[in-house]
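Here are the chains, one letter per residue:
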2 protein chains.
Amino acid sequence: MSERRRSPVEPESIEPHMCSLDLRLEIIGKLPFFEGLPPAEIERINQSFREIGYQPGETIFFTGDPAVRLYVVASGKVKLMRHTFTGQDILVDILTPGDVFGSLSTLGDETYPNTAQAQTMVCALAINAEDFRRILATYPTVALKVLDMTSARLNEAQEMVRRLSAHSVEQRIAYTLLKLAEKLGEPQDVGLLIQMPLSREDLAGMTGTTTATASRVISQLQRDGLINSGRQWVAITDVEALREIAEGVGAH
Amino acid sequence: MSERRRSPVEPESIEPHMCSLDLRLEIIGKLPFFEGLPPAEIERINQSFREIGYQPGETIFFTGDPAVRLYVVASGKVKLMRHTFTGQDILVDILTPGDVFGSLSTLGDETYPNTAQAQTMVCALAINAEDFRRILATYPTVALKVLDMTSARLNEAQEMVRRLSAHSVEQRIAYTLLKLAEKLGEPQDVGLLIQMPLSREDLAGMTGTTTATASRVISQLQRDGLINSGRQWVAITDVEALREIAEGVGAH
DNA sequence: CGCGTTGAATGATCCAGCGCAAATAACCGC
DNA sequence: GCGGTTATTTGCGCTGGATCATTCAACGCG
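Residues numbered from 1 in each chain as written. Chains lettered and ligands numbered in written order. Predicted model: local features only at pLDDT ≥ 70, side-chain atom pairs only at ≥ 80, totals over all residues. Heavy atoms only, no water.

Help me out: how do you make sense of the packing of aromatic side chains in this one?
Two numbers describe a pair of aromatic rings. These are the distance of the centres and the angle of the planes. In this structure the tally under the stated criterion is eleven aromatic pairs over all chains. On the basis of an interplanar angle of 15° and a centroid distance of 3.7 Å, the ring pair of F61 of chain B and Y112 of chain B is categorised as stacked. Of this pair, F61 of chain B sits in strand β2 (residues 59-61) while Y112 of chain B is found in the loop between β6 (100-102) and β7 (115-118), placing the two residues 51 residues apart along the sequence. When sorted by exposure, F61 of chain B lands in the same class as Y112 of chain B, which is buried. Above the plane of the ring of Y175 of chain A lies R163 of chain A, whose end atom (NZ or CZ) is 3.6 Å from the centre. (Phe/Tyr/Trp six-rings, centres within 6.5 Å; stacked < 30°, edge-to-face > 60°. Helix = DSSP H or I, 4+ residues; strand = E, 2+ residues; numbered from the N terminus. Buried < 20%, exposed > 50% of the residue type's maximum accessible area, 1.4 Å probe, protein only. Lys NZ or Arg CZ within 6 Å of the ring centre and 35° of its normal.)

Just to check I follow, could you spell out the interface of chain A and chain B for this structure?
It is common to report an interface's size as the accessible area lost on association of the parts. Each side of the interface is counted separately: chain A has 39 residues, and chain B has 39 residues. Summed over both partners, the interface of chain A with chain B buries about 3600 Å², with 69% contributed by carbon and sulfur atoms. Looking at the side of chain A facing chain B, the largest losses of area belong to R82, F85 and L147 of chain A, adding up to 17% of the total buried there. Residue E159 of chain B pairs with R82 of chain A through a salt bridge whose shortest N-O separation is 3.1 Å. For the pair chain A and chain B, the number of links is ten residue pairs in polar contact (both at pLDDT 80 or more). (Contact = heavy atoms within 4.5 Å. Buried area = accessible area lost by both parts, 1.4 Å probe. Salt bridge = Lys/Arg side-chain N within 4 Å of Asp/Glu carboxyl O. Polar contact = N/O pair within 3.5 Å; in protein donor to acceptor, adjacent residues only side chain to side chain.)

Is there a simple way to think about the protein's contact with DNA strand C in this case?
Neighbouring DNA strand C are 20 residues, the closest being T209 and T213 of chain A together with S215, R216 and R231 of chain B. In the model, a sugar or linking oxygen of DNA strand C is placed 3.5 Å from a nitrogen or oxygen of the S219 of chain B side chain. A distance of 3.3 Å is found between a phosphate oxygen of DNA strand C and a side-chain nitrogen or oxygen belonging to R223 of chain B. Residue assignment for the surface near DNA strand C shows that the elements contributing at least two residues are α7 (211-223) of chain A together with α7 (211-223) of chain B. If you tally residues by element for the surface near DNA strand C, the top one is α7 of chain B, at five residues. The residue makeup of the surface near DNA strand C, split by class, is two nonpolar, nine polar and nine charged. (Near = heavy atom within 4 Å. Nonpolar A, V, L, I, M, F, W, Y, C, P; charged D, E, K, R; others polar.)

Teacher, can you tell me more about the sheet that holds β2 of chain B here?
Paired through backbone hydrogen bonds, the strands of a sheet run either parallel or antiparallel to each other. Residues and elements named next belong to chain B. A sheet is described by the order of its strands in space; here four strands give the open sequence β2-β7-β4-β5, paired in antiparallel fashion. Two strands bound the open sheet, and with one partner strand each, they are β2 and β5 (90-95). Shown here is a sheet whose adjacent strand axes are inclined to one another by a mean of 30°, direction ignored. Pairing of β2 with β7 involves two bridges; the strand directions are antiparallel. Bridged to F61 within β7 is A116. (Pairing = 2+ DSSP bridges. Axes fitted to C-alpha atoms, helices over the stretch in contact; angles between N-to-C directions.)

Would you mind showing me how to read the packing of helix α5 (residues 169-184) of chain A against helix α8 (residues 239-246) of chain A here?
In a pair of packed helices, the angle between the axes and the distance between the axes together describe the arrangement. Residue and element names in this part refer to chain A. Where α5 contacts α8, the axes come no closer than 7 Å and their chain directions differ by 135°. Compared by their axis directions, α5 and α8 come out oblique. As for the relative orientation of α5 and α8, their crossing is left-handed in sense. Taking contact as the criterion, the partners of E170, Q171, A174, Y175, L177 and L178 in α5 are, on α8, V239, L242, R243, I245 and A246. (Parallel < 35°, antiparallel > 145°, perpendicular 65-115°, else oblique. Left-handed = near helix turned anticlockwise from the far one by under 90°.)

Can you walk me through empty space enclosed by the protein in this structure?
The method is simple in principle: a probe with the dimensions of a water molecule rolls over the atoms, and the space it marks as empty is what remains. Counted according to the given criterion, the structure contains one cavity of 30 Å³ or more. Taken as a whole, the largest cavity holds about 140 Å³ of empty space. Considering the residues around the largest cavity, the lining is formed by 13 residues, among which G102, L104, P113 and N114 of chain A together with L154 of chain B are closest to the centre. Of all the elements in the fold, those that place two or more residues in the lining of the largest cavity are β6 (100-102) of chain A together with α4 (140-166) of chain B. A per-element tally of the lining of the largest cavity places α4 of chain B first, with four residues. (1 Å grid on protein atoms, 1.4 Å probe; cavity = no way out; pocket = protein on both sides within 12 Å on 5 of 7 lines; lining within 4 Å. Points joined across faces, edges and corners; volume = space filled by probe spheres on them.)

Would you mind showing me how to read the relation of the copies chain A and chain B here?
The transformation that overlays chain A on chain B combines an axial shift of 0.0 Å with a rotation of 180°, and the residual RMSD is 0.0 Å. The transformation just described matches what one would write down for a two-fold rotation axis. Most of the interface of chain A is mirrored in chain B: 100% of its interface residues are interface residues there too. (Least-squares fit on C-alpha atoms with pLDDT ≥ 70 in both.)

What's the story with helix α1 (residues 21-30) of chain B in this structure? I'm lost.
Residues that lie three or four places apart on an α-helix share one face, since the helix turns once every 3.6 residues. Residues and elements named next belong to chain B. Burial in α1 covers these residues: L23, R24, I27 and I28. The buried residues of α1 occupy an angular sector of 120° when the element is viewed end-on, so they sit on one face. Opposite the packed face of α1, turned more than 90 degrees from it, sit the exposed residues D22 and K30. Looking at the packing, one finds that the buried side of α1 touches α2 (39-46), β1 (50-54), β3 (69-75) and β8 (122-128). (Arc of directions from axis to C-beta.)

Structure below.
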């Protein structure tokens with residue numbers, strides 16, 4: 001680690017050559033979707049994928065691109081985004097190793113509804129949409145697991161609709177920080193660190209607000225002693241208090 | 001039709017006895033999920049369902065209830081809702097015949113994330129969640145079609161997140177009216193009538209606003225000549241103009 | 001047809017959050 | 001270590017939409 005860098009967030013330390021056949025074999029073998037399949041089947045599935053490396057900031061696909069491939073995150077983190085006319089994108093999801101993305105519909109989407117962008121260095125496994133469909137048709141347990149994942153995402157999206165409709169920006173930011181900590185939190189001296197680069201703009205995109213407002217809220221939460229933060233990082237120091245804000249407990 | 005009623009929306013004319021075994025057979029035979037299955041299989045599937053009738057306003061299940069059943073709308077319309085602390089629910093979706101609802105996850109949901117309520121007289125077909133899972137495991141084409149439906153709902157929910165984040169109430173209402181007209185629109189003298197009861201409160205719940213604000217917007221759209229409306233109904237008279245509002249074309 | 005109920009419309013007031021801008025701080029390359 | 005760039009912070013004014021209340025209109029029942 002460089003002596004000069006002061007962020008507690010570890011960079012994704014994937015060297016370009018590490019996005020390799022071996023990694024692909026390792027990742028596919030561990031995907032919960034394929035759990036329980038015999039090794040011969042996993043080997044056959046493996047041959048349908050190919051690995052692709054992306055630099056931070058690089059776009060994997062744009063909204064409106066033909067939806068010809070599905071992807072799995074092998075390593076690194078991927079942002080799924082939708083554009084708005086304000087120029088400030090909403091961040092639909094942040095994907096971590098094992099997550100599938102692209103167009104999950106097996107018949108309807110001709111184009112991608114979201115833009116996918118590498119947030120860190122990323123190794124993704126790509127598969128033809130038709131090949132993916134064939135796998136789903138051949139292995140019902142895989143299809144059920146993809147359905148489960150999609151259903152969970154639907155639940156989260158509907159929850160965000162509810163919160164955008166009735167909760168304040170502060171409540172939404174508190175909720176989102178807690179969710180990120182559940183997924184990526186690592187206990188450290190600075191608190192429960194969300195182990196990924198997280199700018200104010202990212203947080204704004206995830207909570208339906210603007211960068212300036214997200215910055216105001218984060219600064220206030222820090223003054224109140226609930227979090228520590230810096231440039232592109234946040235650590236939670238008082239989970240309970242944040243939870244109370246997220247759920248609107250107390251004075252309104 | 002009563003001479004006194006002035007709404008152009010037809011009531012759902014389901015008599016209680018019409019929620020019957022015959023209707024069940026008819027509906028299940030027509031569900032796109034089961035399209036292509038041999039009659040013997042459809043008959044077997046049919047035996048897993050039972051039909052239940054509901055009165056307008058009656059709750060089918062509440063958020064937090066154990067998720068032991070899945071449902072299909074056989075006739076009528078069902079509201080899927082999430083509650084907020086403001087007391088004004090958000091309307092996640094309005095389901096029409098053929099739509100599946102309940103908890104779609106095959107493993108994770110112990111409780112329903114949404115409340116389902118009959119908006120009109122409703123006949124629903126109910127099936128044990130375990131039986132439904134067995135059908136999905138046995139018939140991959142069914143699982144794929146449920147995945148497609150869930151994926152489409154995810155896309156809509158993410159689109160609503162985007163609109164709530166960056167669009168005005170008027171734009172959201174215009175968009176929602178157009179979507180409802182796509183699904184339930186019938187050309188009549190009053191315009192393209194959305195053929196279902198649609199109160200200002202319903203519209204507010206679907207667009208993340210309050211009843212009073214929805215009323216103001218609907219009144220303004222009517223004064224501008226884009227719609228006709230009355231108590232619990234809306235008909236679109238200028239689809240293009242509404243589309244321009246929805247997409248934010250022109251002055252901002 | 002009258003009355004009571006329900007739903008809609010509208011007025012007045014307030015404020016959360018936005019837009020815009022400027023200043024400050026953190027970071028990185030040389 | 002310095003300079004340039006990027007990200008964050010903060011101030012100020014504005015406004016879309018919420019809240020609350022009141023009035024009006026539509027509807028259904030007796």
